[in-house]
Number of protein chains: 2
Amino acid sequence: MPDSHRQVRQVFLQTIDHAADAQAPLQSLPQPYLLFLGDTVEEGFAKTAFGLRDWAPDKCTGEYALVGAAVSTGLPAMTPQEAQRAGARSLLIGVANSGGVLADNWLPALVEALEAGLDIVSGLHMRLSESPVLAATAERLGRRLIDVRHPPRDIQVGTGRKRSGKRLLTVGTDCALGKKYTALAVARAFADRGVSTDFRATGQTGIMIAGGGVPMDAVVSDFEAGAAEMLSPDAAPDHWDVIEGQGSLFHPAYAAVSMGLLHGSQPDCIIVCHHPGRTEMLGTPGYALPSVEEVIDLNLRIGSRTNAAIRCAGLSFNTAHLSAEQAHALMEAESQRLGLPVADPIRGGAAFDRLIDRCLA
Amino acid sequence: MPDSHRQVRQVFLQTIDHAADAQAPLQSLPQPYLLFLGDTVEEGFAKTAFGLRDWAPDKCTGEYALVGAAVSTGLPAMTPQEAQRAGARSLLIGVANSGGVLADNWLPALVEALEAGLDIVSGLHMRLSESPVLAATAERLGRRLIDVRHPPRDIQVGTGRKRSGKRLLTVGTDCALGKKYTALAVARAFADRGVSTDFRATGQTGIMIAGGGVPMDAVVSDFEAGAAEMLSPDAAPDHWDVIEGQGSLFHPAYAAVSMGLLHGSQPDCIIVCHHPGRTEMLGTPGYALPSVEEVIDLNLRIGSRTNAAIRCAGLSFNTAHLSAEQAHALMEAESQRLGLPVADPIRGGAAFDRLIDRCLA
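To keep things clear, this report deals only with the structure shown in the data block. (Residues numbered from 1 in each chain as written. Chains lettered and ligands numbered in written order. Predicted model: local features only at pLDDT ≥ 70, side-chain atom pairs only at ≥ 80, totals over all residues. Heavy atoms only, no water.)

### Considering the sheet that holds strand S11 (residues 342-343) of chain B
Residues and elements named next belong to chain B. Read across the open sheet, the six strands follow the order S7-S8-S6-S9-S10-S11; overall the sheet is parallel. Sheet topology places strand S7 (197-200) and S11 at the edges, where each strand pairs with a single neighbour. The pairing of strand S6 (residues 166-172) with strand S9 (residues 269-274) spans five bridges and is classified as parallel. What sits directly across from Thr170, in S9, is Ile271. Across the sheet, helix H12 (residues 349-360) touches S6, strand S8 (240-243), S9, strand S10 (311-317) and S11, and the angle it forms with S10 is around 160°. (Pairing = 2+ DSSP bridges. Helix = DSSP H or I, 4+ residues; strand = E, 2+ residues; numbered from the N terminus. Contact = heavy atoms within 4.5 Å. Axes fitted to C-alpha atoms, helices over the stretch in contact; angles between N-to-C directions.)

The following block contains the structure:
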C-alpha cells in the first residue's frame, strides 16, 4: 500500500466513527474478513474487495480466489480454514457479476467457508438464503448469512422539499471509477478543515466501510429519490453531507439509479469522477464514454431541478495507471482547458487542496 | 361516456386481444369489478378507476367511495353487497395515495367486500396480504387477494443492445395526464392503418387493461432499464411497440422510473403528453411544470444515448377541461409555434391523423 493509500485509509477510520455516531448504530458485521474473489477476471467487478483492502486493511485477513480468477488484492492467499485459524470470522463476497447474482460455481467455496467456521457477508442483490444449499448448510452449522444490501423498510416517495444544510455528490462518466473513494477523501479533507461533515454511503462497499447508509441500486424505482432524501436529512446550515455517487446518467443500464440519487440528494456541489483513457462504458460494449463536459452539463441541468444553486466544483481523476509525471501533466492540462480544479484524491497534493477550496467556496 | 370515449374504448378491446396473443396469457382476474375510490379528493390519484371506466366499462359494475371522497367515475354507487348481487366478482382498488400504501381507513370497507363474497384486486406497491386483518379475513372466507404490481422474477440488467423493430414511447411534462390513454389510442390508430403493433403496458391500470406488461415503478432501480428492454423484445423490422410512459424526467420523485424506461425502450419516436393549464407538478408543491420544449429537448438528449435516431413526432394534449373550440384553437396555435402536430387522442380528428402520419413517417 503506497503512503497515499495509507493516509486515505485514515479518512475511513475517522469517517466511520463519525458516521456511526450520526446514523444508526454500526451493524455488528463479523470481522475480520476473508475477501472472496470468485473467478473474476475484470478489476471493475472486484471493487468491493479493493475498497475493503484500501479502506479497512486491518479488517481483512486475506483473499480467496477460484481457479481462473485474474485479479488480486495483494493480500495473502488463504483457504477458508487457514483464514479461520488466522482469526477471520467471515468470508466477505468481494466481487459482483453483472446483475449481482450468486454464481453457481461459487457455491462449493461458500459451503467450504461455512464448514470452516466462517459466516458469509454479501452485498449482492440476490440474498444468500435464496440458495437452498447455503441456507441448509448455515442452519445445520449455526452460521450466519448476512446480506448488507437491504434497503430500509420505511422509505417514502420523494417530496422535492428543500432541506437545510449543504450537500456534495460525486457523479461519474461511468461506473466503477472512484466515486466512493472521492467521497471518502473529500469527507476527510472537510473534517481536516474543521467543517462538520458526514460521509453518506450508497453502495454495499461504502455501507460495509461506514456501517450505515442506503443501498441505492436495491431501492424500488418509485422510491429512489425518496431514499436519497432520507439518506441526507435536514442538518445545520454549515454542515456538509458528502454523498457517494452511483452509476452514471450516461450508463444505458444504471442511469435510473443516478437520476434518483441526483434529484433526491439536492446537491449544492458535484464533483465529476473520471478514468482518463477509458473509452467504453463498463459492461456495455459499443457505448463510448461521454466527455467530462457532457457529464458536467447534464448533471447540472438535471440537478438544478431540485437545487437551482447546484454547481460543479471540479473533477476527480483516477490516475492509478499513470506515472506521477503523466498524471500531473494531464490534470494540469485538463484543469486549464476546463477552468476547474482537477485532482486525484489518492495522490492528494495542491491540486486536491484547490478542489476542496472550490467545494467550500 | 361521449362518443369519442366509446370509439377509443374499442381500441382497448382489440388491443388486449392482440396483447394477450403476443405476451404471457392473460391473468384470470375476477371480473366484473366494483371500483373502490377510498376517500380520494384529487382526480389525479384516482386514475386507475378512471382508466378502467373509460377502457373497460363492461367490466365495471359500479363504484364504492368512502365518506369524504370528492371524485366519482359516474358509474352507479353500490355497496359491496349490492355489487355482488349485481354480478361483481371483485373489488378493484381504483385509487393510489402518494406511496401506494393501503390506508388504514380503507380496511373496514375491504373487509366488508371480502365478507360480501368479493375478491380484492390491487395495483398498490404494498401487498394486500401485508395487512394482517385482510390476510386473516381472506383466508377465513376463502377469498383471493390479488396484487397485479408484481414485476417478473427474471429481470436482467440492461445491455443497451439495439433491438430490431420500431418503438414509440409516450413521455410527459408530469404524471397522470394521459400517457396511457395516448399509447392505447396510438396503438389502435396504427392497427387501423394495417401496421403490426403491440401496446406495452407499464403501470397497474395498463396491465389490468392489457393483461400483461411490466409494472415499471415497482422494479428495483438497478434493473429498471433491463425491465424496459424485456418489455419490448426484438421484433420484425416494420413492427411497432407502443409503450406506455411513466412519470416525467422533471418530476422530483419519479424521474428515475422515466429515465430507465427511456433508456431501455430505445424509442425511435416519442410523443410528449401535456395537460394545458396545469402549472404545478402533481404532489410536489412549488415545482412548476416544465415547458413542452424543455421536455422534448431533455427526452431527445437522453434517449439519443440508446437510439441515435430518436425523434419527437408531436404532442398529445389532455383538453378534457376545455370546450371543443378552445381546444382546437389552442392545439392549432401550439402546433404552429412548435412546428409539430398537436392533438388530443380523445377528440381524434385531422390533428390526430397528422400526429399518426408523423409517427409513421
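Having seen it, we continue.
### Focus on the sheet that holds strand S8 (residues 240-243) of chain A
Sheet strands associate in pairs through backbone hydrogen bonding, adopting either a parallel or an antiparallel arrangement. All names here are of chain A. Judged by pairing direction, the sheet is parallel, and its six strands sit side by side in the order S7-S8-S6-S9-S10-S11 without closing on themselves. With partners counted over all chains shown, the strands left at the sheet margins are strand S7 (197-200) and strand S11 (342-343), one partner each. Here strand S9 (residues 269-274) runs beside strand S10 (residues 311-317); their pairing, made up of six bridges, is parallel. Within S10, the position partnered with Ile270 by the bridge is Cys312.

### Looking at the pairing of strand S1 (residues 33-38) of chain B
Residues and elements named next belong to chain B. Within S1, six of the six residues are buried, which leaves the element mostly enclosed by the surrounding structure. Because side chains alternate across S1, one face comprises the buried residues Tyr33, Leu35 and Leu37, and the other comprises Leu34, Phe36 and Gly38, equally buried. Summarising the sheet, S1 and strand S2 (residues 60-65) pair through five bridges and their orientation is parallel. Bridging across to S2, Leu35 finds its partner in Glu63. Assessed by its sense of winding, the connection that carries the chain from S1 through helix H2 (residues 47-55) to S2 is right-handed. (Buried < 20%, exposed > 50% of the residue type's maximum accessible area, 1.4 Å probe, protein only. Right-handed = clockwise from strand over helix to strand, strands pointing away.)

### So, the pattern of salt bridges
Residue and element names in this part refer to chain A. What the rule picks out here adds up to 30 salt bridges over all chains. A salt bridge links Arg53 to Asp54; the shortest N-O distance between them is 2.7 Å. Take Asp54: its relative accessible area is 5%, and that puts it in the buried class. In this structure, Glu334 engages Arg337 in a salt bridge whose closest nitrogen and oxygen atoms are separated by 2.9 Å. Of this pair, Glu334 and Arg337 both sit in helix H11 (residues 324-338), separated by three residues, roughly a single helical turn. When salt bridges with common partners are traced through the structure, they connect Asp119, Arg143 and Arg144 into a single cluster. (Salt bridge = Lys/Arg side-chain N within 4 Å of Asp/Glu carboxyl O.)

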